[in-house]
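Summary of structural features
What follows is each chain in one-letter form.
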Amino acid sequence: MPSLRTQIAGFSFDNCLMNAAGVACMTVEELEEVRQSAAGSFVTKTATLEARAGNPEPRYRDVPLGSINSMGLPNQGIDYYLDYLLSLQESQPERTFFLSLVGMSPDETHTLLKKVQNSGFKGITELNLSCPNVPGKPQIAYDFETTERILGEAFGYFDKPLGIKLPPYFDIVHFDQAAEVFNRHPLKFVNCVNSIGNGMYIEDESVVIRPKNGFGGIGGEYIKPTALANVHAFYQRLNPSIQIIGTGGVYTGRDAFEHILCGASMVQIGTALHQQGVEVFERVSLGLKAIMAKKGYEKLEDFKGKLKYLG
Ligand code: DHB
């Protein structure tokens, strides 16, 4: 039987699949569902210092080839997620979970990271540099100078396992420049990709979500080619000590297989999880294991990053 076991930042996970931040992770009830599913871990909704209501509804829509959202960072505030993670550390110390966060300003981001640093949290922190949906706030990771400054300052005091969630990049020069920044810091992983920011979906003569006159982050089938390219671009460029988490367009075992082939050590499911519920983890696991069995692969290392080129 092929194994889907993997490691991130030295922690082991029985299954390489988990939710993508933003889906099934706002409340303890949702997180408990993911925890009790076939998923190997979960990540909590990106947290700010204070709870936020987010943008007006409707702010998420499933559409035939994926999804569009402009949630606006609704979340329960960092303490809610940290308290839950600390309680899980007591009840299930053998498992590791991810905490996602970002501040509404660089100062707030540092306040959040210091809070985590000074807490008893022993899991993995994901700093979200790629929220596209707060009016007036550009995505941090599209600004390499700001990214460099935030990471440089953060690693001055933060010594727990830290990775970053990235937006998709679309130019080879941007892959090069971004990788140069990331390689200067002791990151444990980069997570490629967040939604393709500020797309639009139209029905009859109208947009389908209220915030930002219909502009929203695109997920699902639309984004798999972009996600795979970003996973592989960073797999090629980053120090081997920086692992890749692959996110974007995963509905099937074949999709997860392709992310791992491109170099992903862990694979996250967003839109398909929203559409299908936590059974998606079992379905994708079975599909991925079937592909591995057919090819004679016993573990992810047998094909991770081994994408073939045409000469
Ligand atoms: C939201 C969306 C994102 O893609 C993200 O990374 C963080 C927050 C949101 O709109 O809530």
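Residues numbered from 1 in each chain as written. Predicted model: local features only at pLDDT ≥ 70, side-chain atom pairs only at ≥ 80, totals over all residues. Heavy atoms only, no water.

1. What to know about the overall build of the chain
Scanning the chain from N- to C-terminus turns up 9 helices and 15 strands. Taken against the 2.2 N^0.38 rule, which gives 19 Å for 311 residues, the C-alpha radius of gyration of the chain at 18 Å falls within 12% of a compact globule. Here the C-alpha coordinates of the chain stretch approximately 50 × 50 × 40 Å along the principal axes. Considering only residue pairs separated by 6 or more positions, the chain has 74% of its internal contacts joining residues 24 or more positions apart. Within the chain, one finds 29 positive and 34 negative side-chain charges whose respective centroids are separated by 5 Å. (Helix = DSSP H or I, 4+ residues; strand = E, 2+ residues; numbered from the N terminus. Rg over C-alpha atoms; globule rule 2.2 N^0.38 Å. Contact = heavy atoms within 4.5 Å. Lys, Arg positive; Asp, Glu negative; His and termini not counted. Charge placed at Lys NZ, Arg CZ, Asp CG, Glu CD.)

2. Some words on the UniProt feature "binding site: substrate" (unreviewed entry) in the chain
The positions UniProt marks with the feature "binding site: substrate" (unreviewed entry) are Lys45, Asn69, Ser70, Met71, Gly72, Leu73, Asn128, Asn194 and Ser195. Tracing the backbone shows asparagine 69 in strand 5 (residues 66-69). Not counting chain neighbours up to four residues away, the residues in contact with asparagine 69 comprise Arg59, Tyr60, Asn133, Ile209, Gly216 and Gly217. From its side chain, asparagine 69 meets the backbone nitrogen of methionine 71 in a polar contact 3.4 Å long. The topology assignment puts asparagine 128 in strand 7 (residues 124-128). Under the relative-accessibility criterion, asparagine 128 is labelled buried at 7%. Within the structure, asparagine 128 has its side chain in polar contact with the side chain of threonine 46 (distance 3.1 Å). (UniProt positions renumbered as here; feature names shortened; annotations may be inferred. Polar contact = N/O pair within 3.5 Å; in protein donor to acceptor, adjacent residues only side chain to side chain. Buried < 20%, exposed > 50% of the residue type's maximum accessible area, 1.4 Å probe, protein only.)

3. Focus: the site of the ligand
In the neighbourhood of the ligand, 13 residues make up the surrounding shell, with Lys45, Gly72, Leu73, Asn128 and Asn194 lying closest. Here an oxygen atom of the ligand and a side-chain polar atom of lysine 45 are 2.9 Å apart. Contacts to the ligand include asparagine 133, whose side-chain N or O atom sits 2.9 Å from an oxygen atom. Protein coverage of the free-state accessible area of the ligand, which is 290 Å², stands at 93%. (Near = heavy atom within 4 Å. Areas by Shrake-Rupley, 256 points an atom, 1.4 Å probe, with all protein chains shown as cover.)

4. A word on a nonpolar patch on the surface
Taken together, the side chains of Met200, Ile202 and Phe215 make up a nonpolar region of the molecular surface, amounting to roughly 280 Å² of accessible area. Inspection of the secondary structure puts isoleucine 202 in strand 11 (residues 202-203). (Patch = residues over 30% accessible without salt bridge, like charges linked within 9 Å, V, L, I, M, F, W, Y side chains within 5 Å. Salt bridge = Lys/Arg side-chain N within 4 Å of Asp/Glu carboxyl O.)

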